[in-house]
Amino acid sequence: MHQPYYQDPETGSHILPWVRLHAVKDYVALPRIFRRTPKVRHTVNLVPSLLLQVRDYVERGAGDLFLDVSRKQSLDLTREEERFLLRNFFSANPSTMILPHPRYADLFHRREAALRAVGKAGAPGGFGASEYTDLVTLFNLAWIHPIHRKEDGELDRLYRKENGFSEREKQYVLDRQIEIMGAVIPEYRKLAGEDGGELSCSPMYHPILPLLIDSRSAEDALPGAPHLSRPFSYPEDAESQLRTGKALFEKLFGYSPAGLWPSEGSISPEALNLAAKTGYQWAATDEILLSKATGKQVHRDFDGVPQDPGWLYRIYAANTPSGEIPVLFRDHHLSDLIGFEYSRWNAVDAASSFCNIIKMIYHKLSSSGSRSGNA
């Protein structure tokens, strides 16, 4: 679970709304979905700067540019605010979040004409106050997960209403978003405390640790990469990112995280040394880095199952000056399927495909055995 740090240090407002919108779409709903299958265990990685922003919204009344203009009465919108809404409030997946709703789809198809008409009295295609109220309400409703709508009769009614929203109804949707955000941290406490899951952590503000330690490490990943005219090397900042992130996690959840997902899965010997030094008990990254470290490629069969699964699906030990730290390498093929491919599939077909691949991997591992290794 990761979002960049969007807060403007001068105004205190968040520039983009993605912490808020993904919180009401994903972050609270997922632990509740996991709870339906208690025998399945989950490890969820939470980036500290994401948690910090969630807390800012819930406890300190923080907002974002999208929320601020959403709360404004439609009759009071400036021309620039109207353009902002038309340019940004269709930022959703059209096939699943816009087009299934007749009113939202209608506004979507009329957007270009409305943009041309802004500020031009009598121009055809312009939106009036009712269109802007509907647009803001539908955009914010579309991001709310069905679980939350079903738990709230008024949200469910508004979702089915489709159009003709009042300012009061719009404000209700926005207020409920903040209330839903308030469940993010408690839900993950429950996931780890009662549901048998585990929470892992990342550096505080999601920096690329190897580059922060020494910008010249880019050449290790990409030989021939251009160098900065003045190399950047601040290992003490990298260590601080690990320690402050860990401290925030401990403050919010009451214990120290065992696992580390380095930002973007980026590791180096020096980064793993800092991870061990700051008390992490394991780290995870991607199989591509294992291939680069060992000079061995992952060869897959037609179904995407590695021909040598015992080499990939095992724990490696990274030996560092601060001690040994176990490292796990994710299946890049499965990660791409989950992150990019399955969202375009029929849901049942996607789930069946995933389960079948897991079963084939299990059977192949069972027949070949597995063991730990050193890196």
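Residues numbered from 1 in each chain as written. Predicted model: local features only at pLDDT ≥ 70, side-chain atom pairs only at ≥ 80, totals over all residues. Heavy atoms only, no water.

A.B. asks: Help me understand the pairing of strand 5 (residues 316-320), please; the structure alone is not making it clear to me.
C.D. replies: Most of strand 5 sits out of view: 4 of its 5 residues are buried. Note that strand 5 and strand 6 (residues 323-330) share 5 bridges and pair antiparallel. By the bridge assignment for strand 6, A318 is matched with I325. The loop that links strand 5 with its antiparallel partner strand 6 comprises 2 residues. (Buried < 20%, exposed > 50% of the residue type's maximum accessible area, 1.4 Å probe, protein only. Helix = DSSP H or I, 4+ residues; strand = E, 2+ residues; numbered from the N terminus. Pairing = 2+ DSSP bridges.)

A.B. asks: I tried to follow the pattern of salt bridges on my own but got confused; where do I start?
C.D. replies: All told, the structure shown has 34 salt bridges when counted by the stated rule. In this structure, R71 and D175 form a salt bridge, with 3.0 Å as the shortest nitrogen-oxygen distance. Linking R71 in helix 4 (residues 65-71) with D175 in helix 12 (residues 167-181), this pair joins segments that are 104 residues apart in sequence. Judged by its relative accessible area of 30%, R71 is partly exposed. (Salt bridge = Lys/Arg side-chain N within 4 Å of Asp/Glu carboxyl O.)

A.B. asks: Where do I start with a nonpolar patch on the surface in this structure?
C.D. replies: A cluster of nonpolar side chains, namely I15, L16 and L65, defines an oily patch on the protein surface of about 230 Å² accessible area. Topologically, I15 is positioned in the segment before helix 1 (18-27). (Patch = residues over 30% accessible without salt bridge, like charges linked within 9 Å, V, L, I, M, F, W, Y side chains within 5 Å. Areas by Shrake-Rupley, 256 points an atom, 1.4 Å probe, with all protein chains shown as cover.)

A.B. asks: What should I look at first to understand the environment of V24 in this one?
C.D. replies: Assignment of secondary structure puts V24 in helix 1. V24 gets classed as buried once you look at its relative accessible area, which sits at 0%. In sequence terms V24 and I178 are 154 residues apart; their C-alpha atoms lie 8.4 Å from each other. Setting aside anything within four residues of it in sequence, one finds V24 in contact with W143, I144, H145, H148, Q177, I180 and M181. (Contact = heavy atoms within 4.5 Å.)

A.B. asks: How should I be thinking about the packing of aromatic side chains in this particular structure?
C.D. replies: The geometry of an aromatic ring pair is captured by two quantities: the separation of the ring centres and the angle between the planes. Here the structure, examined in full by the defined rule, presents 15 aromatic pairs. On the numbers, 5.6 Å between centres and 50° between planes, the contact of W18 with W143 is tilted. Taken together, the positions of W18 in helix 1 and W143 in the loop between helix 9 (129-142) and helix 10 (146-151) put the pair 125 residues apart, joining distant regions of the chain. Here the aromatic rings of F249 and F253 are separated by 4.8 Å at their centres, their planes lie at 45°, and the arrangement is tilted. Note that F249 and F253 are positioned in helix 16 (residues 235-253) at a spacing of 4 residues, about one turn of the helix. Three or more aromatic residues joined by ring pairs make a cluster, and in this case those are W18, F66, F84, F89, F139 and W143. Directly above the aromatic system of Y159 lies the positively charged group of R149, at a separation of 3.4 Å from the ring centroid. Over the aromatic face of Y280 sits the side chain of K246, whose NZ or CZ is 5.5 Å from the ring centroid. (Phe/Tyr/Trp six-rings, centres within 6.5 Å; stacked < 30°, edge-to-face > 60°. Lys NZ or Arg CZ within 6 Å of the ring centre and 35° of its normal.)

Without other data, these values stay purely geometric and don't point to any function.
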